[in-house]
Amino acid sequence: MKDKINKLFYILPFSVNEPGGKSLGSRNKYKSFSKIFNTKLISPRNKSITHRLFFIFYIEFFMLFLVISSTRYKNIFFTRGFVGILASIYLKLFSNNLFIREVHAAPGEYKVLQGNSLKKFLIFVYEKTSFFIDSLADLRIFNHPNLENFYKQNGVFNEYDLTLYNGASIKEDSMSVQEAREMLGLELNKTILVFTGSVSSWHGIEDLVALQDEFEKKYDNIQIVVGGGEIPKEHKHKIINLYPLDEIGCNNLIIASDACLLPIKNNRISPGSPLKLYQYLLSSKPVITQQDVVGYADEVKKFDAGLIVNFHKPSETRVKIKEFIKNIEHISADLKLNKLDMKITWDDRVNEIQKSIYNHRKLK
């Protein structure tokens, strides 16, 4: 039945041209899908409200037209978020096309997002609608096991569902550590610890602020650098905060680092599956992450790739980091040698998705 697959339509409710890990991951996943399937990416061109509202209505008619008009070949509809509500119902009830949902969050996470009451209400509606669409899918791909467990507890699961962490891309270093530091204005003789990405409420940036304070009090030659998102103004800090910083800038910051940081405030059903974790590893950088968080500590331990700490205890964490940095070069060398064997690239992740697709009863 594989030869009966016409196209894979990868449909997203956000622009993949915007900065940020969500767009970056989607672009890279699309590239990996395109190596296997005849893939068409469909998403809004920009993040304007007008364009995104138009997209919601447009995609309903587009999906319905494709489903109704295509009878000879099967299509794969791979969607995420608030897209194609009526079309998804039709796919579930009347179509023999394969309907796949990408699940990155569970209802209720609006509570930890920043914003006014109206924004939180709209996110609440978005989450509930997305959950309903998820329930209609032939196959769900969760980016964290906590999400799969939540959906099972709410009666949404089948034998084809799959949990799969995010991936990353192998990039050749465009410059040396010294060149990257000089470009970014960072000191050459300091130990540089880096966090890249958005500064959301669940990232635990306040723990990094407290940790840098500990380094300062003890006169440690260690500097934390946060690149990408802006640290909220209420946090008085001595962290170097580089923002805005695009994908290339973040990659250069990773090159400039001695090790990378992954704090996390475990205040959601899913703590997320950070793209940055795997990008750090594929960049041969040791990772310092939060203990007892699935998808973070267990992955670092699995690859023997760094240090597991309790960021909520900055004094204790400082002592562990001081000892850890003595072995950074050795760990980095091991990561560089073994990164191709980790199977954490987007190509590796999409190959797993391909197996699930071809194993589905609709394609037998």
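The following refers to the structure shown.

Moving on, we come to the overall build of the chain. Of the regular secondary structure elements, the chain holds 13 helices and twelve strands. By the compact-globule yardstick of 21 Å for 364 residues, the chain fits well, its C-alpha radius of gyration being 22 Å. Summarising its shape, the C-alpha atoms of the chain cover approximately 70 × 45 × 40 Å along the three principal directions. In the chain, which comprises 364 residues, the proportion classed as buried is 54%. Contacts spanning at least 24 positions in sequence make up 67% of the contacts within the chain whose residues lie at least 6 apart. Of the accessible surface of the chain, which amounts to about 17,600 Å², a share of 53% is contributed by carbon and sulfur atoms. Distance between charge centres in the chain, computed from 50 positive and 39 negative side chains, equals 7 Å.

What follows covers the packing of helix α1 (residues 21-34) against helix α13 (residues 346-359). Interhelical geometry of α1 versus α13 gives an angle of 60° and a closest axis separation of 9 Å. Put simply, α1 runs oblique to α13. At the point where α1 passes α13, the crossing takes the right-handed sense. Contact residues: Gly 25, Asn 28, Lys 29, Ser 32 and Phe 33 in α1; Trp 346, Asp 347, Val 350 and Ile 353 in α13. Across the contact of α1 with α13, the residue classes tally to four nonpolar, three polar and two charged.

A ring pair, where both rings are aromatic, is described by two values, the distance of the centres and the angle of the planes. Enumeration over the complete set of coordinates arrives at 17 aromatic pairs. With a centroid separation of 5.4 Å and an interplanar angle of 80°, the aromatic rings of Tyr 10 and Phe 78 are classed as edge-to-face. One end of the pair, Tyr 10, is in strand β1 (residues 5-11); the other, Phe 78, is in strand β3 (residues 74-79), with 68 residues separating them in the sequence. The burial state of Tyr 10 is the same as that of Phe 78; both residues are buried. Between the aromatic rings of Phe 54 and Tyr 58, the centroid separation amounts to 6.1 Å while the plane-to-plane angle is 15°, which identifies the pairing as stacked. Here Phe 54 pairs with Tyr 58, and both are found in helix α2 (residues 49-69), just four residues apart, close to one helical turn. Accessibility expressed as a relative area gives 53% for Phe 54, which makes it exposed. By way of ring pairs, the aromatic residues Phe 9, Phe 54, Phe 55, Tyr 58, Phe 62 and Phe 77 are connected into one cluster. The ring of Phe 14 carries the charged tip of Lys 22 above its face, separated from the ring centre by 4.6 Å.

Definitions and limits used
Residues numbered from 1 in each chain as written. Predicted model: local features only at pLDDT ≥ 70, side-chain atom pairs only at ≥ 80, totals over all residues. Heavy atoms only, no water. Helix = DSSP H or I, 4+ residues; strand = E, 2+ residues; numbered from the N terminus. Rg over C-alpha atoms; globule rule 2.2 N^0.38 Å. Buried < 20%, exposed > 50% of the residue type's maximum accessible area, 1.4 Å probe, protein only. Contact = heavy atoms within 4.5 Å. Areas by Shrake-Rupley, 256 points an atom, 1.4 Å probe, with all protein chains shown as cover. Lys, Arg positive; Asp, Glu negative; His and termini not counted. Charge placed at Lys NZ, Arg CZ, Asp CG, Glu CD. Axes fitted to C-alpha atoms, helices over the stretch in contact; angles between N-to-C directions. Parallel < 35°, antiparallel > 145°, perpendicular 65-115°, else oblique. Left-handed = near helix turned anticlockwise from the far one by under 90°. Nonpolar A, V, L, I, M, F, W, Y, C, P; charged D, E, K, R; others polar. Phe/Tyr/Trp six-rings, centres within 6.5 Å; stacked < 30°, edge-to-face > 60°. Lys NZ or Arg CZ within 6 Å of the ring centre and 35° of its normal.

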